[in-house]
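Below are the chains, spelled out letter by letter.
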Amino acid sequence: MSMNNQGRPTGTGTSSYAASSGSALLPNEPLLFEIGDIEHSGVDLPEVEISLDRLGGFERKSALDLAGLTEPEAMRHYVRLSRLNHSIDSGMYPLGSCTMKHNPRLNEKMARLPGFSDIHPLQPVSTVQGALELMEELSHWLMTLTNTAAVALTPKAGAHGELLGMMAIKAAQEAAGQSHRRIVLVPESAHGTNPATAAFLGYLVKPIPARADGTVDVQAVKDALSPDVAAIMLTNPNTCGLFEPQVIEIAEAVHAAGAFFYCDGANFNAIMGVVRPGDLGIDAMHINLHKTFSTPHGGGGPGAGPVVLSEALAPFAPVPFVRKGENGLELVEHAEGSALGRVTAFHGQMGMYVRALTYMLSHGGDGLAQAAQDAVLNANYIKARLAHAFSVPFGDYPTMHEALFDDSFLQGTGVTTLDFAKALIDEGFHPMTMYFPLVVHGAMLIEPTESESKQTLDRFCDVMEELAADAKAGNKERFTSAPVKAPRRRLDETRAARSPVLRWERPVEALKAAE
Ligand SMILES: *Cc1c(COP(=O)(O)O)cnc(C)c1O
């Protein structure tokens, strides 16, 4: 890269791109700033007369240094970047616990209707009656599917929903003079957000060990219950992909001890339309709309984690909520005696609500049950096809929506679960969830969802079998060097997370700083 007389990189556009690009189909995409030329602009803007005194001293002192690009250059940059990502639209994404299912295009079409996409949260409610009706309809579906008394739509993720649900439990116990209850029981197979939520709210987390068959022992729960226990946080179906066989007994024991039953509903995809969690005795449960009810997610994209609440917790729901009033639907923003107030600015993720309700209405109640059953069938198919080559930790029960393997089949091969997952990338599949749940050594958690056809499942299983055979045949190198066909090889993921470089610096400055 050459410098002009101000020490800035000159318009290196094509030369920089050509120098660093890989092959035509696997570009090594430079940064926008490296493609564009900060000396030029892609648009002609008229000089603007700026009244500096209106900026109160906050005016920019240096050049903006935006990369000057033509529209096709900018567009191609982002399209090329998007091709570097694996996505549910380009291949199977068997990431266990994440329910990476196909997002029907109809959802997108509905979410883009101007009446949903162009409204502002501060508009008068008389002008957004349709949007409020959609929220009311979605609430109705969520309460019906779960047989619960109330729902709070606003949490923006499953973890956020957990927090809200546990805040409602805490508020209910404080209102009942029970604030001495300081302990929350969490099975060892739980997702990390469960103990994190409890600890964040100041509770002591008491782990409940898993039984040898991967389920929670009702006796272990009974032994741990005491007048100091506020709640249990239980995932059902659990993170080993198993329906908790004693869930009703557990709920009864928890209630008898005066505690609440928080259910982690992230795995609702396995039972929607088939089992109503309210019938099992849950008091609060978040529903990851972005897992169970399609809506695209991953990479930190938007989610929504509404929480359904039992009769006992309904009075502690946060604001806002939708209510039928004299002049149509109204949004209750300030409820008398609302212990929690609001947990988000405005009303939550409208776009996710639209996608989720579209998914529900296009399936219908029977279609949702069918989707759950197909998801379970697909997972059991994978488990049955791979059981001979992989190691199944909990074989006593049929699995629900995900198949769990441990790493004992890799013993003596020198190949780890991580290596195995990386090798899957070279075969065009997104890796499965690794090393979770923690109760299984070297866990591989595979969730195909209902989206995948038998042909796709067979191709995936063929690849998995071939990889397992190759690992056992001693071809360690293929695994430890993988991925070799991805745009990036093995990354220092810890360093990337701990010290991310979020700011582009002009090379000359980087050079000076290094001196
Ligand atoms: C995904 C997940 C969560 C957290 O949900 P987010 O929407 O990612 O915050 C909690 N528990 C389980 C079991 C999950 O799979």
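Refer to the preceding data block for the structure.
Position numbers for residues count from 1 along each chain, tracking the sequence in the order it is written. This being a predicted model, a pLDDT of at least 70 is required before a residue's local features are given, and a value of 80 or more before pairs of side-chain atoms are given or counted; all residues contribute to the totals for chains, interfaces and linings. Each side-chain value is worked out from all heavy atoms of the structure, with water and hydrogens disregarded.

> What exactly am I supposed to notice about the environment of Ser 97 here?
To qualify as a helix, a DSSP run of H or I must reach at least 4 residues; to qualify as a strand, a run of E must reach at least 2; elements of each kind are numbered from the N terminus. Relative to the assigned elements, Ser 97 resides in the loop between helix 3 (71-83) and helix 4 (105-111). Residue classification places Ser 97 among the buried positions, given a relative accessible area of 7%. Linking Ser 97 and Lys 291, residues 194 residues apart in sequence, is a C-alpha distance of 8.7 Å. Beyond its immediate stretch of four places on either side in the chain, Ser 97 contacts Asn 267, Lys 291, Glu 402, Phe 436, Leu 445 and Glu 447. For every residue, the accessible area obtained with a 1.4 Å probe (protein chains only) is divided by the maximum for its type, and the residue is called buried under 20%, exposed over 50%, and partly exposed between those limits. Two residues qualify as a contact provided that any one of their heavy atoms is within 4.5 Å of a heavy atom in the partner residue.

> What should I look at first to understand the nonpolar core in this one?
Nonpolar side chains tend to gather and get buried jointly when the protein is soluble and globular. Take the buried Ala, Val, Leu, Ile, Met, Phe, Trp, Tyr and Cys residues and link them wherever side-chain atoms come within 4.5 Å; each set so joined is a nonpolar core. Formed by 60 residues in total, the largest nonpolar core has its most connected members in Leu 142 and Phe 293. Only helix 6 (129-146), strand 2 (183-187), helix 9 (218-224), strand 4 (229-235), helix 10 (247-256), strand 5 (260-264), strand 9 (328-332) and helix 12 (350-386) provide two or more residues apiece to this core. Ranked by residues supplied to this core, first place goes to helix 12 with 12 residues.

> Can you walk me through the pattern of salt bridges in this structure?
Two side chains of opposite charge can pair, provided their charged atoms sit close to one another. Basic side-chain nitrogens of Lys or Arg form a salt bridge, by our definition, when they fall within 4 Å of a carboxyl oxygen of Asp or Glu. In this structure the tally under the stated criterion is 20 salt bridges. Across the pair Arg 112 and Glu 108 runs a salt bridge whose closest N-O atoms are separated by 2.7 Å. Of the charged contacts, one joins Asp 217 and Arg 211 as a salt bridge, the two residues approaching to 3.5 Å between their closest N and O atoms. A relative accessible area of 25% means that Arg 211 is categorised as partly exposed.

> Explanation requested: the packing of helix 12 against helix 14 (residues 454-472) in the structure shown.
In a packed pair of helices, the relevant descriptors are the angle between the two axes and the axis-to-axis distance. At a closest axis distance of 10 Å, the pairing of helix 12 and helix 14 adopts a crossing angle of 30 degrees. In terms of orientation, helix 12 lies roughly parallel with respect to helix 14. Note on packing geometry: the crossing formed by helix 12 with helix 14 is right-handed. Of helix 14, the residues touching helix 12 (which contributes Asn 378, Tyr 381, Ile 382, Arg 385 and Leu 386) are Lys 454, Leu 457, Asp 458, Phe 460, Cys 461, Asp 462, Met 464 and Glu 465. To define axes, lines are fitted to C-alpha atoms, for helices over the stretch in contact only, and angles between the resulting N-to-C directions are given on a 0 to 180 degree scale. Orientation is classified from the angle alone, with under 35 degrees giving roughly parallel, over 145 giving roughly antiparallel, 65 to 115 giving roughly perpendicular, and any other angle giving oblique. Helix crossings get a hand from a simple test, with the near helix turned counterclockwise from the far one by less than a right angle marking a left-handed crossing and a clockwise turn marking a right-handed one.

> What should I look at first to understand the site of the ligand in this one?
If a single non-hydrogen atom of a residue is within 4 Å of a molecule or strand, that residue counts as near it. In the vicinity of the ligand, the contacting residues are Ser 97, Ala 157, Gly 158, Ala 159, Glu 162, His 191, Thr 193, Asp 264, Ala 266, Asn 288, His 290 and Lys 291. Residues adjacent in sequence count toward polar contacts only when both atoms are side-chain atoms; beyond that, a polar contact is any pair of N or O atoms within 3.5 Å, and within protein one must be able to donate a hydrogen and the other to accept it. At a separation of 2.9 Å, an oxygen atom of the ligand approaches a polar side-chain atom of Asn 288. For the accessible areas, the method is Shrake-Rupley and the probe is 1.4 Å, while residue cover comes only from the protein chains on display. Within the complex, the protein chains bury 86% of what would otherwise be the 380 Å² of accessible surface of the ligand. Secondary-structure elements contributing two or more residues to the shell around the ligand are helix 7 (158-175) and helix 11 (289-292). In terms of residues, the shell around the ligand owes the most to one element, helix 7, which gives 3 residues. Ten residue types, Ala, Val, Leu, Ile, Met, Phe, Trp, Tyr, Cys and Pro, are classed as nonpolar, four, Asp, Glu, Lys and Arg, as charged, and the remainder, Gly among them, as polar. Its residues placed into classes, the shell around the ligand shows 3 nonpolar, 6 polar and 3 charged.

> Could you clarify how one ought to interpret helix 13 (residues 417-426) in this entry?
Every α-helix carries 3.6 residues per turn, so stepping three or four residues along brings you back to the same face. Among the 10 residues in helix 13, 8 count as buried, and that is most of the element. Those residues of helix 13 lying buried are Thr 417, Asp 419, Phe 420, Ala 421, Lys 422, Ala 423, Leu 424 and Asp 426. Where helix 13 is buried, its residues touch strand 11 (433-434), strand 12 (444-446), helix 14, helix 15 (476-480) and helix 16 (493-498). Positive backbone phi, at 90 degrees, marks Gly 428, one or two positions downstream of helix 13.

> What should I look at first to understand the packing of aromatic side chains in this one?
In summary, the pairing rule links any two rings of Phe, Tyr or Trp, Trp by its six-membered ring, whose centres are within 6.5 Å, and it sorts them by plane angle into stacked for under 30 degrees, edge-to-face for over 60 and tilted for everything else. Considering all chains together, one arrives at 9 aromatic pairs under this definition. Taken together, a centroid distance of 6.4 Å and an interplanar angle of 70 degrees make the contact between Phe 293 and Tyr 359 edge-to-face. Taken as a pair, Phe 293 in the loop between helix 11 and strand 7 (307-309) and Tyr 359 in helix 12 lie far apart in primary sequence, 66 residues in all. This pair shows no difference in class: Phe 293 is buried, exactly as Tyr 359 is. With centroids separated by 4.5 Å and ring planes inclined at 45 degrees, the aromatic side chains of Phe 390 and Phe 409 adopt a geometry described as tilted. In this pair, Phe 390 is assigned in the loop between helix 12 and strand 10 (403-405) and Phe 409 in the loop between strand 10 and helix 13, connecting sequence segments 19 residues apart. Both residues of the pair, Phe 390 and Phe 409, belong to the buried class. Linked through ring pairs, Phe 390, Phe 405, Phe 409, Phe 420 and Phe 479 together constitute an aromatic cluster. Counting as a charge over the ring demands two things of the Lys NZ or Arg CZ atom: a distance within 6 Å of the ring centre and an angle within 35 degrees of the ring normal. Over the ring of Tyr 203 we find Lys 170, and its NZ or CZ is 5.5 Å from the ring centre.

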